[in-house]
Each structure stands twice: as structure tokens, then as C-alpha cells.
Amino acid sequence: MRTYAPLLLLLQLLLMNAATGEQLYQEVKIDDPYIEMRTGAGESYPVFYVVERGQTVLILKRKTVWFKVRTETGKEGWIDRSQMEQTLTSLGEKIQFVDATRDDFSRRRWEMGALAGDFNGANSMGIYGGYAFNNNLSMELSLSQILDDFSDSLLINVNVLSQPYPAWRVSPFFTLGTGIIDTNTRQTLVQSEDNTDQINHVGLGFRMHLTRRFVLRGEYRNYVAFSSRDDNKEFEEWKAGFAAFF
Amino acid sequence: MESRFRSLFLKTMTSFRCNLKMLCRIYSAAMLVTGLMLKQLPVFAADELLIDPVSDQEQIIKPEIERREIKVPEIDTEDFEIGVYAGLMSVEDFGTNAVIGFRLAYHVTEGAFFEAAYGSMDTEETSYEQLSGAAQLLTDDERKLSYYNVSIGYNLLPGESFIGSNHAFNSSLYVIAGVGSTDFAGDNRFTMNYGAGYRLLATDWLALHADMRDHIFKNDVLGTDKTTHNIELHAGLTFFF
């Protein structure tokens, strides 16, 4: 049923359009005893008008979970999603708003996010994008800036990420990757030294589905930099941040 | 005499009975053959009489089916906010400077939003540089300050602002904090920022902002590494899309 839900919705939308003709806005009929219209898109805004059952409203726009509607008499106000779901389409069916679910979380294809944390005592901030080949395996590209009192570095990484339990709400993962770290020491230091090294890492972390398209992510990575001075350096990184999936 | 008649009668009857039996057999055989023939017969007849009823006559009513052009009225979602701002930023030791920047925000709920911002300015000379005359601490390129940050904001006090007796605008006072980097004097410096702002929605899609931010970063240009607080005040215009 779930796999057909988008198709059904599409069909519903198509049929709905066929019934209402070429219309700029979607028209729905109130099925609750009444719904409340607020002056703004938020719970704290006052209710200034009530639309009764049987009347129709046009949906003008949406901001987060609030819908701006226009009544038959031309009054415009904001209705929240839970009340909006108590309206009927012109086919007489309950209107549906499809949001990302847990199921979409485990089957996501694209993911983008920002993480910040600690890289061996320095501050680390970065963005990343990922593509999932299947529910378990994905590939990511990340760009981080690492800043401390003596240097600033740019870290570019490509990594594969494996999730053994993609259906869990808090889904653990393992990661393995390689990249380049470009370090510039502070200009105010006497012995200023800039270098670019290859850097590999292993890591583990978790992704947690928050709501709708949002994910909380936390991870630990252990890096090994192959420096040109014959001695490999090890770094530890802890990061957390938010991401959105598509 | 009587017995002769009787025997004759009996003989006749017996032969008649036999003949009747024969007749019955012949009749049933005949019926069987006829039945078989009749069973075959209509098949031949149907083959000969088969006429296509459609091709033989014109279709009286042609159905006129035209595909409707389907255009789904999508609900316009306006969760993103993009805009520009201009204002003043005080950079410790390097004067108060005009700053311009742009920002992009994404509203997750009616309360929470994410914001990414980038701003840049040309800083002034330090008092030391001005007093000593010739001494220049930074090159012109190093004197440019730019920052970026990613912050989380919350609409703490949403409400309406009244202007005169006829106009009410939706507005909110928000708090915001985040991390980023400041590129100044040839180095990138980790920067934390926090502040508060006021957003006035002129229309559903156009907003006016007034913001106050404190950018905290370590500055070692003047020898010692010190934490600096750099206050920024700016006003801006944003569009929801």
C-alpha cells in the first residue's frame, strides 16, 4: 500500500484537477465542524475567523506546517496542517499531505548536511553530500575547515558508508575513506610551513531520524595522514550536526 | 379346430413381435444417424453464413475523446528565505567598518530555522598604524575581512506589530547562534556568533530585518593571541520562496 501511496496521490491530484478544471489554487471543502483561521503562520497568532463545515477554501501557499487559505468571502488566514487534513478534495476524499517518513529515511537516496566538532583539539566545521546506492551502502563527499590557533586546514574527503540496520530510527554506520588535507600555518608564526598530504580514515557513527526530512548525525573518525616527512600522523575527530535527505 | 386357430394366432403374434423389435432397432439406429448428422449440420451452415457485422456497416456514433491538459495546482511552499543586508561591524583594533552580506535561511518549523550567512568589509588602520605613520601591519588584501557562518535560530517572540490604527504586520523577535570562520589578516579564524534579530513581514514573501550579532574569534595580529568580541549591527531585506 505504501509503495502505491504516491501514485494514488498523483492520481487523486490528476482527477481533482480534471474536476476543478484549470485552477490556480487547490480548492478544498471543510469537513470538521469548523476550522480556525489565524493571522499568521504560527500557533501564537490569534484566531480571527472560523470557517464552518461545508464551506470551501482555496489553498494559497504553505509555510512549514501552516497553510494560507482564502475563503469564499475573500478572507485570508492561516490554518495548521492537522486542521487542513480535515478537509475534502473536490472528489470528496480527505486531502493528503505527503511528508517524508521513517520508511523514506531508511530508503533515502540523497543526503546533505552540516557538521561541526573537534579535530584533534582544533575546531572542525564542514558540509557533506551523499548518494545511497541501496539501503545499506552510500558514498559521500565532504569538505571541512579545521581551525586552531596555529593553523587552518581544508580537508576534502571521499568515503563509503555502510549501514547494517537502515530501518532503525537510530541507525549506526561505519565509514571508510580517503582525502586530502591542505594545511596553512599562521602567518604570525616564525616557522610558517604549508603542506598538502593524503589522509585516510575509518570511522563510526549514527544517523537519527528527527522529523520529516531531518536527520541528526554524530560520528567519530580516526585519520592517518601520510605526510611528506616520513612520519604518519594520527588524528581523532568528533563531529555532530544536522542533515536533510531527499 | 380351435387349437389350430390358436396355434396360428400365436405364431403370427410371435412373428409380429419379432418384427416390432426389428422396427424399434431400425428406428433407433435411424435416429442416431440423424442426430449425428444434425449435430454436424449447423457447423457447416454457420461457416457458410458468417458475415462481419462491423465492417459491413458504418459506425453511427463516433466517440469524441479528447485528452484534457492536466495541470496540478501545486501548493506553493515558502520555507526558504534569501536576502541581503548592510550595516556596521566593529572589529577590535581595526575600527568600525561598513559591512555588506547575504543570507539564506530555511525554516524547519514555525519556530526553528537554519541560516547561512556571508559578509565582507574593508577594515581600517589600527591606532598604532595611524600614530606611527609609515608602519603597516597588514597588506591591502589582508585588511579585507570576510566571514561565513551557519547558525540555528528560533523565533522566540512571534506576534504582530501595529503601525498606526489601520496596519498590523506579522513580526518576530528571534535569537540565533552558530559557528563559522572569519578570514582576516591572511588567516582563517574559528568564529562563534550569537545574537538577536527582529523580522517584520511586510507581505507574506517580503521581510525586513534588523540584527545584532557578536562574532567571537581569536586575533593574534598584534602579537598576543586574544579573544575578541566584534559587534555587528545590520538591517536587511529578505524574500521567502
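These numbers were taken from a predicted model, which means no experiment stands behind them.

Enquirer: Run through the overall build of chain B, naming residues and quoting values.
Expert: Across its full length, chain B holds 3 helices and 9 strands. Starting at the N terminus and ending at the C terminus, chain B contains elements arranged as α-β-β-β-β-α-α-β-β-β-β-β. Buried residues in chain B amount to 23% of all 241 residues. In chain B, the proportion of contacts linking residues at least 24 apart, taken out of those at least 6 apart, comes to 53%.

Enquirer: Which residues make up the overall build of chain A, and what values go with them?
Expert: When its secondary structure is counted, chain A shows 3 helices and 15 strands. For chain A, the residues scored as buried account for 29% of the 246 residues in total. Of the contacts made within chain A by residues no fewer than 6 positions apart, 49% connect residues no fewer than 24 positions apart.

Enquirer: An account of the nonpolar core is needed here, citing residue identities and associated values.
Expert: All names here are of chain A. Among the nonpolar cores identified, the biggest contains 14 residues, and V51, V57, F67, V69, W78 and I79 are the most heavily contacted of them. It is strand β5 (residues 66-71) that provides the largest number of residues to this core, a total of 3 residues. In this structure, I79 is in contact with I35, M37, F67, V69 and M84, ignoring residues within four places of it in sequence.

Enquirer: Outline the interface of chain B and chain A, supporting the account with residue identities and numerical values.
Expert: Of the residues lining the interface, 31 residues belong to chain B; the matching set on chain A comes to 35 residues. For the side of chain B that touches chain A, the elements supplying multiple residues, two or more each, are β1 (76-77), β5 (144-163), β6 (167-184) and β7 (187-201) of chain B. Residues belonging to the side of chain B that touches chain A are distributed by class as follows: 10 nonpolar, 8 polar and 13 charged.

Enquirer: How would you sum up the pairing of strand β2 (residues 80-90) of chain B? Please name residues and give values.
Expert: Residue and element names in this part refer to chain B. Pairing of β2 with strand β3 (residues 96-107), which is carried by 11 bridges, proceeds in the antiparallel orientation. By the bridge assignment for β3, S90 is matched with T96. Between β2 and β3, which pair antiparallel in sequence order, lie 5 residues; one of them, D93, sits at a positive phi of approximately 75 degrees. In this sheet, strand β9 (residues 226-240) lies alongside β2 in antiparallel orientation, the contact comprising 9 bridges. Bridge assignment links I82 to a residue of β9, and that residue is F239.

Enquirer: Before we move on, can you summarise the sheet that holds strand β12 (residues 170-185) of chain A with the specific residues and values?
Expert: Residues and elements named next belong to chain A. Taken in spatial order, the 8 strands line up as β8-β9-β10-β11-β12-β13-β14-β15 and close into a barrel, and their pairing is antiparallel. Between one strand and the next, the sheet's axes are offset by a mean angle of 25 degrees, whatever the strand orientation. Of the pairings in the sheet, the one linking strand β14 (residues 214-226) to strand β15 (residues 233-245) comprises 12 bridges and is antiparallel in character. Across the sheet, residue L216 finds its bridge partner in β15, namely F242.

Enquirer: Requested: an account of the sheet that holds β3(B), with residues and values cited.
Expert: As a general point, the strands of a sheet are linked pairwise by backbone hydrogen bonds and lie either parallel or antiparallel. Read once around its circumference, the closed barrel built from 8 strands follows the order β2-β3-β4-β5-β6-β7-β8-β9 (chain B), with strand pairing classed as antiparallel. Within the sheet, the average angular offset between the axes of one strand and its neighbour, ignoring direction, is 25 degrees.

Enquirer: Residue-level account of the domain arrangement of chain A, with values.
Expert: As assigned here, chain A comprises domain 1 (5-88) and domain 2 (103-245). Taking only C-alpha atoms, the centre of domain 1 of chain A and the centre of domain 2 of chain A are 43 Å apart.

Enquirer: Just give me the short version of unusual backbone geometry, but keep the residues and values in it.
Expert: Most peptide bonds adopt trans geometry, and most residues besides glycine take a negative phi value. Residues and elements named next belong to chain A. Positive phi outside glycine occurs at N120, with the angle close to 50 degrees. As for its position among the elements, N120 is in the loop between β8 (110-119) and β9 (122-132). According to the C-beta neighbour criterion, N120 is partly exposed, with 14 such atoms within 10 Å.

Enquirer: Hey, could you go over the pairing of strand β11 (residues 151-162) of chain A for me, with residue numbers and the actual values?
Expert: All names here are of chain A. In terms of strand pairing, strand β10 (residues 137-147) meets β11 through 11 bridges, oriented antiparallel. By the bridge assignment for β11, S144 is matched with L155. Hairpin connection of β10 to β11: 3 residues between the antiparallel strands. As paired strands, β11 and β12 are joined by 12 bridges and run antiparallel to one another. Note on β12: the bridge partner recorded for D152 is N184.

Enquirer: I'd love a proper account of the environment of A114(A), names of residues and values included.
Expert: Tracing the backbone through its elements, the reader meets A114(A) in strand β8. Looking at A114(A), the number of C-beta atoms within 10 Å reads 19, which means it is partly exposed. A C-alpha to C-alpha distance of 16 Å links A114(A) and N159(A), two positions 45 residues apart in sequence. Not counting the four nearest positions on each side in its chain, A114(A) is found in contact with I127(A), G241(A), F242(A) and V150(B).

Enquirer: Describe the environment of S138(A), listing the residues and the values that go with them.
Expert: All names here are of chain A. Within the fold, S138 resides in strand β10. Classification of S138 as buried rests on a count of 22 C-beta atoms within 10 Å. Counting along the chain gives 21 residues from S138 to N159, while the straight-line C-alpha distance between them is 8.5 Å.

Enquirer: Describe the confidence of the model for chain A, naming the residues involved and giving the relevant values.
Expert: Residues and elements named next belong to chain A. The predicted model of chain A has a mean per-residue pLDDT of 84, with 89% of residues at 70 or higher. Taken element by element, chain A is modelled with least confidence in helix α1 (residues 5-20), mean pLDDT 53, and with most confidence in β10, mean pLDDT 93. The low-confidence segment residues 17-22, where pLDDT is below 50, has 11 contacts with residues more than four positions distant or belonging to other chains.

Enquirer: How would you sum up the confidence of the model for chain B? Please name residues and give values.
Expert: Of the residues in chain B, 74% have a pLDDT of 70 or more, and the chain-wide mean is 81. Two summary scores accompany this predicted model of the complex, namely pTM at 0.71 and ipTM at 0.75.

Criteria and cut-off values
- Residues numbered from 1 in each chain as written.
- Chains lettered and ligands numbered in written order.
- Predicted model: local features only at pLDDT ≥ 70, side-chain atom pairs only at ≥ 80, totals over all residues.
- Helix = DSSP H or I, 4+ residues; strand = E, 2+ residues; numbered from the N terminus.
- Buried ≥ 20, exposed ≤ 12 C-beta atoms within 10 Å, placed from the backbone.
- Contact = placed C-beta atoms within 7 Å.
- Core = buried A, V, L, I, M, F, W, Y, C linked by C-beta atoms within 7 Å.
- Nonpolar A, V, L, I, M, F, W, Y, C, P; charged D, E, K, R; others polar.
- Pairing = 2+ DSSP bridges.
- Axes fitted to C-alpha atoms, helices over the stretch in contact; angles between N-to-C directions.
- Domains from an automatic or database assignment.
- pLDDT = per-residue confidence, 0-100.

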